[in-house]
Amino acid sequence: MRLQLIEQSNTLNEDIIHHYSLLGWQAMLAEVNLTPKPGLVDKHNTGAHKDMALTDFHLSAKAIAKHFPQFLQAGANYKDLTIEQVLPKIRTIGIDCEKSMFRATQGVNTHKGTIFSLGLVLTAIGRLLALQQRVSPDAICQLVAAMCHGICTELKQPADKPTAGQRLYQHFGLTGARGEAEGGYQLVINHSLPYYLQQLALGKTQNIALLNTLILLMKINDDTNIANRGGMQGLAWIKQQAAQLLQTGINQPADLVKIKQFDQQCINKNLSPGGSADLLILTWFFARLPCSEIYQNRSNTTNNLNIN
């Protein structure tokens, strides 16, 4: 389907479902293929992860993307429910999506956070289209925040065997992926998305613009993946290193040596900014919605890709 027709469409049809599902898949690939990255799996190495490789992420992304149409359709099908009633309806889709991920990777958790965030975002898009409302980052995130209202209370529940998320909340007050969703992804809307678009407007390459945006997220995000591995000390160290890098930024390929050094330090400390990587995926996705300038310049050839 031509991009201008998608921009003008306010209904959910097969072409629209394919378009947004494809965009979600491309967003996952854009993040994992970004190279080099500090502490994360990329084309050079597996970062601070000993149990996964680049191939796992590619297999996982393809398996997960096959469930994206279900999130979009659910958003449309439940348009007459109050927004607070929608989240329980899509949990089963998320669970099935996780099962597909684990089958594709033989048990490796590559994209659990992304299933959560993109699942919410795609559901919101399906609802907006069914209600014939404009699809924009702000509109999506407002719906996600309403959909997830009160979700952080789950972290407060006492448990004999608390999850990592519960433990980090109860010890340090970190809300992680739940908090980002309930807050309407404010780090993305107010920080990473405008910064990424500004980087591109300044003429930075796609790779360098995305890499600088990742470093920004690492500076400002209370990443529970890092805190789980390195405690609050590890989180403070990551933020400090990222802030120092941003003072000059990555401006040309020669500067990538700084990222490689940062990567090795993260590997040595066993720190991986997985939460920031998830927010980077959303940033890339939002930057390519129909309301974006990037969208206007995309090649029609991207619509010929096949995730089946």
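Per chain, the residues get numbers from 1 upward, laid out in the order the sequence is written. Two thresholds apply to this predicted model, a pLDDT of at least 70 for residue-level local features and 80 or more for giving and counting side-chain atom pairs, whereas whole-chain, interface and lining totals are computed over all residues. Think of the side-chain values as coming from all heavy atoms in the structure, minus any hydrogens and water.

1. Points about the packing of aromatic side chains
Two aromatic rings, drawn from Phe, Tyr or Trp (for Trp, its six-membered ring), form a pair once their centres lie within 6.5 Å of each other, and the interplanar angle then sorts them: stacked below 30 degrees, edge-to-face above 60, tilted otherwise. Here the structure, examined in full by the defined rule, presents 2 aromatic pairs. When the ring of Trp237 is compared with that of Phe262, the centres are 5.8 Å apart and the planes differ by 65°; the resulting orientation is edge-to-face. Pair noted here: Trp237 is in helix 12 (residues 224–248) and Phe262 is in helix 13 (residues 256–269), with a separation of 25 residues, a long-range link. Taken as a pair, Trp237 and Phe262 share a single burial class, namely buried. With centroids separated by 6.2 Å and ring planes inclined at 70°, the aromatic side chains of Phe285 and Phe286 adopt a geometry described as edge-to-face. Against the face of Trp237 rests Lys269, its NZ or CZ located 4.9 Å from the ring centre. Under the scheme used here, helices are H or I runs from DSSP no shorter than 4 residues and strands are E runs no shorter than 2 residues, and both carry numbers assigned from the N terminus. Buried residues are those whose accessible area, probed at 1.4 Å on protein chains only, stays under 20% of the maximum for their type, while exposed residues exceed 50% and partly exposed ones sit between those limits. Two thresholds decide whether a charge sits over a ring: the Lys NZ or Arg CZ must be within 6 Å of the ring centre and within 35 degrees of the ring normal.

2. Section: the pattern of salt bridges
The working definition used for a salt bridge is a side-chain nitrogen of Lys or Arg within 4 Å of a carboxyl oxygen of Asp or Glu. Scanning the model with the defined rule gives 5 salt bridges in all. Each of Arg91, Glu154 and Arg178 takes part in salt bridges that share partners, so that together they form one network.

3. Here we look at helix 7 (residues 137–147)
An α-helical segment advances 3.6 residues per turn. Residues three or four places apart therefore align on the same side. The buried fraction of helix 7 amounts to 8 of the 11 residues, a majority that puts the element mostly inside the structure. Those residues of helix 7 that fall on the buried side of the exposure criterion are Pro137, Ala139, Ile140, Cys141, Leu143, Val144, Ala145 and Met147. In this structure, the buried side of helix 7 is in contact with helix 5 (86–105), helix 6 (112–130), helix 9 (176–182), helix 10 (186–201) and helix 14 (274–286). Whether two residues are in contact is decided by their heavy atoms: any pair within 4.5 Å suffices.

4. A closer look at the environment of Thr110
Within the fold, Thr110 resides in the loop between helix 5 and helix 6. In this structure Thr110 comes out as buried when scored by relative accessible area, which is 10%. Thr110 sits 52 residues away from His58 along the chain, and the two C-alpha atoms are 9.5 Å apart.

5. Some thoughts on unusual backbone geometry
Here the bond from Thr35 into Pro36 is cis, since omega is -5°, no more than 30 degrees from zero. Mapped onto the elements, Pro36 comes out in the loop between helix 2 (14–33) and helix 3 (54–65). In this model, Tyr185 sits at a positive phi of 50°, which is unusual for a non-glycine residue. If you trace the backbone, Tyr185 turns up in the loop between helix 9 and helix 10.

6. Considering the packing of helix 6 against helix 7
Look at helix 6 against helix 7: their axes get within 9 Å of each other, and the N-to-C directions meet at 110°. Relative to helix 7, helix 6 is oriented roughly perpendicular. For the crossing formed where helix 6 meets helix 7, the hand is right-handed. Side by side, helix 6 and helix 7 meet where Leu120, Val121, Thr123, Ala124, Ile125, Arg127 and Leu128 of the first sit next to Ala139, Ile140, Leu143, Val144 and Met147 of the second. Gly falls in the polar group here, along with every residue not listed as nonpolar (Ala, Val, Leu, Ile, Met, Phe, Trp, Tyr, Cys, Pro) or charged (Asp, Glu, Lys, Arg). Residues of the contact of helix 6 with helix 7, tallied by class, amount to 10 nonpolar, 1 polar and 1 charged. Only the stretch in contact is used when a helix axis is fitted, and all axes are lines through C-alpha atoms; the angle between N-to-C directions ranges over 0 to 180 degrees. Convention used here: angles under 35 degrees read as roughly parallel, angles over 145 as roughly antiparallel, angles from 65 to 115 as roughly perpendicular, and any remaining angle as oblique. In this scheme the handedness of a crossing depends on how the near helix is turned from the far one: anticlockwise by less than a right angle means left-handed, clockwise means right-handed.

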